[in-house]
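A look at the structure
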Amino acid sequence: VQLQASGGGLVRPGGSLRLSCAASGNIFQLNLMGWYRQAPGKQRELVATLPSGSSGGANYAASVKDRFTISRDNAKNMVFLEMNNLKPEDTAVYYCYLWAMAKTYWGQGTLVTVSS
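Predicted model only: the values in this text are computed from it and were never measured.

**Observations concerning the pairing of strand 11 (residues 110-114)**
In the case of a regular strand, side chains alternate between the two sheet surfaces. The alternating pattern of strand 11 places T110, V112 and V114 on a buried face and L111 and T113 on a face that is not buried. Across 3 bridges, strand 2 (residues 9-11) lies against strand 11 in parallel orientation. For L10, the partnering residue across the bridge sits in strand 11 and is T113. Across 3 bridges, strand 9 (residues 92-100) lies against strand 11 in antiparallel orientation. Among the inter-strand pairings, A92 is bridged to a residue of strand 11, identified as V112.

**Structural notes on the state of the cysteines**
Here a disulfide denotes one covalent bond, and it connects the sulfur atoms of two cysteines. Scanning all chains against the criterion turns up 1 disulfide. Paired through a disulfide, C21 and C96 show a sulfur-sulfur distance of 1.9 Å. The sign of the S-S torsion, about -85°, decides the handedness of the disulfide formed by C21 and C96: left-handed. A residue pair is termed long-range when its members are at least 10 positions apart, and C21 in strand 3 (residues 17-24) and C96 in strand 9 qualify at 75 residues. Each member of the pair, C21 as well as C96, carries the same accessibility label: buried.

Procedures and definitions
Residues numbered from 1 in each chain as written. Predicted model: local features only at pLDDT ≥ 70, side-chain atom pairs only at ≥ 80, totals over all residues. Heavy atoms only, no water. Buried < 20%, exposed > 50% of the residue type's maximum accessible area, 1.4 Å probe, protein only. Helix = DSSP H or I, 4+ residues; strand = E, 2+ residues; numbered from the N terminus. Pairing = 2+ DSSP bridges. Disulfide = S-S within 2.5 Å.

Note that all results are geometric; they support no functional claim without further evidence.
This is how it looks when you write it as structure tokens:
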């Protein structure tokens with residue numbers, strides 16, 4: 001399984017960005033996809049996750065709830081992260097994540113920088 005993330009960049013505080021991640025390979029239909037992030041000097045932390053099935057909803061970190069929205073296109077094995085009202089503390093490398101059949105897969109990371 002390979003994950004390819006895109007959509008990072010430089011944005012001013014209050015701005016928006018949309019991250020995309022495409023998964024390829026032998027992917028079990030029932031899975032969990034989402035995003036983690038790692039800021040300089042800090043540990044990787046969960047941002048948001050969303051299961052593929054109809055049961056269970058999105059899970060967000062408290063710091064991004066009401067500003068970020070995660071969504072999926074199961075047919076294309078893609079996950080998206082719409083980020084609004086971005087703050088300087090959102091600056092980090094964002095990693096796409098997939099969990100299935102007790103295995104975890106990571107994308108290469110995409111840098112999001114929020115600065116004026």
